[in-house]
Amino acid sequence: MSTGGPPEAAGAKAPPPTALTIAGSDSGGGAGIQADLRTFFACGVHGMTAVTAVTVQNSLGVEDFTEIPSNVVTAQIRAVTGDMGADAAKTGMLATAEIITAVAKTLGDVGIGGDSDVPFVVDPVAASMHGDPLLREEALEAIRTELLPRATLVTPNLDEVRLLTGVEVTDAGSRHAAAEALLALGPRWVLVKGGHDSGPRCVDLLSDGTTHLELDGPRHDTPHTHGGGDTLASAVTAELAKGADVPTAVEEGKRFIERCVAEAYPLGGGIGPVSPFWRLAGED
Ligand SMILES: Nc1ncnc2c1ncn2[C@@H]1O[C@H](COP(=O)(O)OP(=O)(O)O)[C@@H](O)[C@H]1O
Ligand SMILES: Cc1ncc(COP(=O)(O)O)c(N)n1
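Source: prediction; values computed, not measured.

### Here we look at the sheet that holds strand β6 (residues 153-154)
Sheets are built from strands paired through backbone hydrogen bonds, the pairs being either parallel or antiparallel.
Okay, so step 1: Taken in spatial order, the nine strands line up as β3-β2-β1-β4-β5-β6-β7-β8-β9 in an open sheet, and their pairing is mixed. Strands at the two margins of the open sheet, each flanked by one partner only, are β3 (61-67) and β9 (212-218).
Okay, so step 2: Here strand β8 (residues 201-207) pairs with β9 via seven bridges, running antiparallel. Note on β9: the bridge partner recorded for C202 is G217.
Okay, so step 3: Lying over the sheet, helix α2 (residues 70-83) contacts β1 (18-26) and β2 (46-58), oriented at roughly 155 degrees with respect to β2.

Structure below.
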């Protein structure tokens, strides 16, 4: 017979903070859901998932993908939030306009993002770093109009900035113009990532229209940055789940991804993954 509550062992520990990722599976384990769960674990957060698509992917690229029916995506979100709750959530690959519309509505229903006090990070994944599309073209408008107004933070790379706003980032001035154009779409904060820029530094710009923070770090000389964007967005989501404010969470996320890129390893014949393994050694 059910006791109507969770089973409790003597001396049971308090649960860690929880975070939900709504994203695609990467069979190669470098990006997507796999990178998100690895990062949540490394950051001390219990990860939960709503899988949106299954990609056939390795270090050489994405061969194919199949999206999950939108009612199954939203059922996953309802199942975990209704039972376990989520202290923060993020999206990655969402594949189709239908999934985006369903996810945006469900997040409203369960109280994630928007006016709620549960932070919501949108990583507007459009393509893999090999250039393989991960989002159907017509879905961009759904990201703009349905998802971004709910977002606490949106974290586009320079290609995604161009797709979402038409702004080509070439210097500090256009980086600020891009941030402004993105903020006009409704997120509270925007992080314009500079990994695809050239030059010896990787400069990411965080802005809410009032506070502007340039996060400036060394560019590590490695081709192995697969999963970098997912890892950064997940680390930020994990810090938000632990209660950090957005600037603190992003500063911590930038510190985390820099080290993960520095420790990235070759695997397969193409682009290897960024690595959080150093955290297993207890390094901070
Ligand atoms: N070679 C690199 N060295 C150090 N940091 C990097 C490097 N490449 C990307 N980054 C950082 O990793 C994060 C992801 O950036 P980016 O590559 O722009 O996004 P995405 O992986 O979504 O394409 C950003 O914080 C960026 O500054
Ligand atoms: C399932 C999935 N989600 C996201 C990415 C983007 O990651 P990257 O830009 O490193 O290819 C990916 N390749 N696959």
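### A closer look at the pairing of strand β4 (residues 88-91)
Looking along a regular strand, one sees side chains alternate from face to face of the sheet.
Okay, so step 1: Covered by surrounding structure in β4 are A88 and K90 together with A89 and T91, the residues of both alternating faces.
Okay, so step 2: Across four bridges, the pairing between β1 and β4 is parallel. Of the residues in β4, the one forming a bridge with A19 is A88.
Okay, so step 3: The handedness of the β4 to strand β5 (residues 120-122) crossover, carried by helix α3 (residues 97-110), is right-handed.

### A few points about the UniProt feature "domain: Pyridoxamine kinase/Phosphomethylpyrimidine kinase" (unreviewed entry) in the chain
Okay, so step 1: In the UniProt entry, the feature "domain: Pyridoxamine kinase/Phosphomethylpyrimidine kinase" (unreviewed entry) is given for residues 26-274.
Okay, so step 2: Taken end to end, residues 26-274 comprises 39% helix and 19% strand; its first and last C-alpha atoms sit 14 Å apart.

### A closer look at the environment of R201
Okay, so step 1: Topologically, R201 is positioned in strand β8.
Okay, so step 2: We classify R201 as exposed; it has 12 C-beta atoms within 10 Å.
Okay, so step 3: Spatially, the C-alpha atoms of R201 and R219 are 4.8 Å apart, while their sequence positions differ by 18 residues.
Okay, so step 4: Dropping the residues within four chain positions of it, R201 is found in contact with D216, G217, P218 and R219.

Conventions used here
Residues numbered from 1 in each chain as written. Chains lettered and ligands numbered in written order. Predicted model: local features only at pLDDT ≥ 70, side-chain atom pairs only at ≥ 80, totals over all residues. Pairing = 2+ DSSP bridges. Helix = DSSP H or I, 4+ residues; strand = E, 2+ residues; numbered from the N terminus. Contact = placed C-beta atoms within 7 Å. Axes fitted to C-alpha atoms, helices over the stretch in contact; angles between N-to-C directions. Buried ≥ 20, exposed ≤ 12 C-beta atoms within 10 Å, placed from the backbone. Right-handed = clockwise from strand over helix to strand, strands pointing away. UniProt positions renumbered as here; feature names shortened; annotations may be inferred.

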